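Here is how the chains run, residue by residue.
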Amino acid sequence: MVEPAGDGGSLDQEAVDRLREDPRVAAVSAPAPLEIAVAGPHSAWKEQAALADPVALSRTHRITVVDGSLKPLEPGTVAISREFAEWYGHRAGSTVTYGLFGGEPVRAKVAAVLDGGSAVPSVVLPPDTRGATPAPAPERAAVLLDERGAASAGAAAARLTERLGADRVRVLPTETWFGRSATDQDRLNNLVLAVLTVPASLYALIAVASTLVMSYSRRGREITGMRMIGVSAGQVRRMALWETLATTTLGTLIAAAVVAWGVRAYQGSLSVFGGGAPLSVPWGNARHARGGLRPGGRGGEPRRDRAAPAAGQHRLDGHASVTDAASPRAVRAAPGSRPGAPGAVAPRRGFGKSRRGLTS
């Protein structure tokens with residue numbers, strides 16, 4: 001995985017060309033992301049696209065052609081993702097009307113429908129597409145090594161870093177890159193969860209304490225009567241403890257059932273995208289939440305071919321003017337799942353980090 005040495009930024013074309021010239025590099029894919037406007041019969045909306053060679057993309061990522069043929073894109077042709085095709089009813093051979101902001105609408109023929117999870121943006125444009133302002137540049141490049149380089153990905157990464165310059169690029173084996181990305185994401189997730197759970201736990205403790213105070217203030221006569229007939233203070237405290245434990249246990253079981261149902265429904269919905277999501281719970285933060293609800297608590301694999309999806313019921317063709325005021329549309333994002341072998345990596349919309357779409 002090759003990315004700029006500093007945070008943010010993009011790779012320059014010279015670095016990408018030198019990667020392709022290296023004798024131990026079998027393939028390089030460096031999609032340049034950009035936003036385009038896609039037109040339907042009555043409206044236009046923003047979509048994530050990329051300038052990329054689908055052939056190189058298919059070598060560095062696990063991609064299946066579900067319709068059409070995989071070949072270099074010619075002018076006037078595009079490739080689209082499976083999700084985009086299913087959403088708008090497109091297929092190989094249909095026409096998509098799109099435009100770069102500030103430019104004229106372009107009618108392009110769909111050459112292929114690609115299923116690659118997070119590796120494939122909604123629309124893949126030919127690499128020589130011109131007219132975007134500012135000119136798009138790749139944020140990172142996925143490199144597939146040949147057999148000699150793949151035998152020692154770490155050594156190959158060090159050699160490519162020396163060749164391109166450590167002050168310009170950072171080259172990492174995919175496992176290392178994924179590990180760093182996952183660590184950063186986990187740290188962010190824990191921070192967000194802590195921000196949400198700590199105040200919620202404090203509010204829950206206050207609510208529980210208030211409920212107990214109100215409850216036992218109203219039961220003063222009952223407790224006084226119990227003491228008069230010979231019930232000891234310890235027995236009263238044990239009664240209050242058992243009542244609290246019974247109520248808390250029942251509430252926990254009901255909440256767990258609701259959460260389990262929600263998680264099962266969520267995981268089942270991911271089958272629409274052909275993916276899955278492992279259940280991961282940061283138990284450290286979860287303990288804080290549990291303490292707030294308890295009175296007195298303390299706070300790569302081989303690629304798989306898939307059958308082509310059924311064609312959508314609606315097909316949208318037509319013309320619309322392209323402006324920067326095009327209304328955005330909520331886009332379904334395919335989740336990532338599994339890591340791949342050293343030498344390839346799969347970015348997606350906005351080319352974020354995802355484990356889905358790797359080849360060995």
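Please read all numbers here as calculations on a predicted model, not as lab measurements.

Parameters at a glance
Residues numbered from 1 in each chain as written. Predicted model: local features only at pLDDT ≥ 70, side-chain atom pairs only at ≥ 80, totals over all residues. Heavy atoms only, no water. Helix = DSSP H or I, 4+ residues; strand = E, 2+ residues; numbered from the N terminus. Buried < 20%, exposed > 50% of the residue type's maximum accessible area, 1.4 Å probe, protein only. Areas by Shrake-Rupley, 256 points an atom, 1.4 Å probe, with all protein chains shown as cover. Arc of directions from axis to C-beta. Polar contact = N/O pair within 3.5 Å; in protein donor to acceptor, adjacent residues only side chain to side chain. Phe/Tyr/Trp six-rings, centres within 6.5 Å; stacked < 30°, edge-to-face > 60°. pLDDT = per-residue confidence, 0-100. Contact = heavy atoms within 4.5 Å. Core = buried A, V, L, I, M, F, W, Y, C linked by side-chain atoms within 4.5 Å. Patch = residues over 30% accessible without salt bridge, like charges linked within 9 Å, V, L, I, M, F, W, Y side chains within 5 Å. Salt bridge = Lys/Arg side-chain N within 4 Å of Asp/Glu carboxyl O. Pairing = 2+ DSSP bridges.

1. Brief notes about the overall build of the protein
A tally of regular secondary structure across the protein gives 9 helices and 14 strands. Taking all 360 residues of the protein together, 40% fall into the buried category. Approximately 19,800 Å² of the protein is accessible, and the part contributed by carbon and sulfur atoms is 58%.

2. Observations concerning helix H1 (residues 13-21)
Looking at H1, one finds that the buried residues are Ala15, Val16 and Leu19. All buried residues of H1 fall inside an arc of 100 degrees around its axis, so they share one side. Taking the backbone nitrogen of Glu14 as reference, a side-chain oxygen 3.2 Å away marks Asp12 as the first, capping residue of H1.

3. Some details on the packing of aromatic side chains
Counted under the stated rule, the structure contains 3 aromatic pairs. Between Phe84 and Tyr88, the aromatic rings sit 5.0 Å apart at their centres with planes inclined by 55 degrees, giving tilted as the arrangement. One end of the pair is Phe84 and the other is Tyr88, both in helix H3 (residues 82-88) and 4 residues apart, which spans about a single turn. Tyr88 carries the same exposure label as Phe84, and that label is buried. On the numbers, 6.5 Å between centres and 45 degrees between planes, the contact of Trp87 with Tyr88 is tilted. For Trp87, a relative accessible area of 38% translates into the label partly exposed. For Tyr88, a relative accessible area of 7% puts it in the buried group.

4. Some details on the confidence of the model for the protein
In this model, the protein carries an average pLDDT of 75, and 74% of its residues clear a pLDDT of 70 or more. A low-confidence stretch, residues 288-360 (pLDDT under 50), is modelled with 211 contacts involving residues beyond four sequence positions or located in other chains.

5. Concerning the nonpolar core
Within the largest apolar cluster, 21 residues are counted, with the highest numbers of intra-cluster contacts made by Ile36, Val78, Ile80, Val123 and Leu125. For this core, the secondary-structure elements that each account for two or more residues are strand E3 (32-39), strand E4 (44-51), strand E6 (77-81), H3, strand E7 (95-99), strand E8 (106-115) and strand E9 (123-125). Excluding its chain neighbours within four sequence positions, the residues that come into contact with Val123 are Ile36, Gln48, Ala49, Ala50, Val78, Ala79, Ile80 and Phe84. Counting residues in hydrophobic clusters, the runner-up holds 17 residues, among them Val2, Val143, Ala157 and Leu164.

6. A word on a nonpolar patch on the surface
Together, Leu188, Leu191, Val192, Val195 and Leu196 give the surface a local cluster of nonpolar side chains, amounting to about 480 Å² of exposed area. Mapping Val192 onto the fold places it in helix H6 (residues 174-218). You can call Val192 partly exposed: its relative accessible area is 44%.

7. Topic: the pairing of E4
Of all the 8 residues making up E4, 6 are buried; the element is thus mostly covered by neighbouring parts of the structure. As defined by bridge partners, E3 adjoins E4 across 8 bridges and the pair is classed as antiparallel. When the bridges of E4 are listed, Leu34 appears paired with Ala49. The turn linking E3 back onto E4 is made up of 4 residues. Bridge count for E4 against E9 is 3 bridges, and the pairing is parallel. Bridge pairing in E9 links Leu51 to Leu125.

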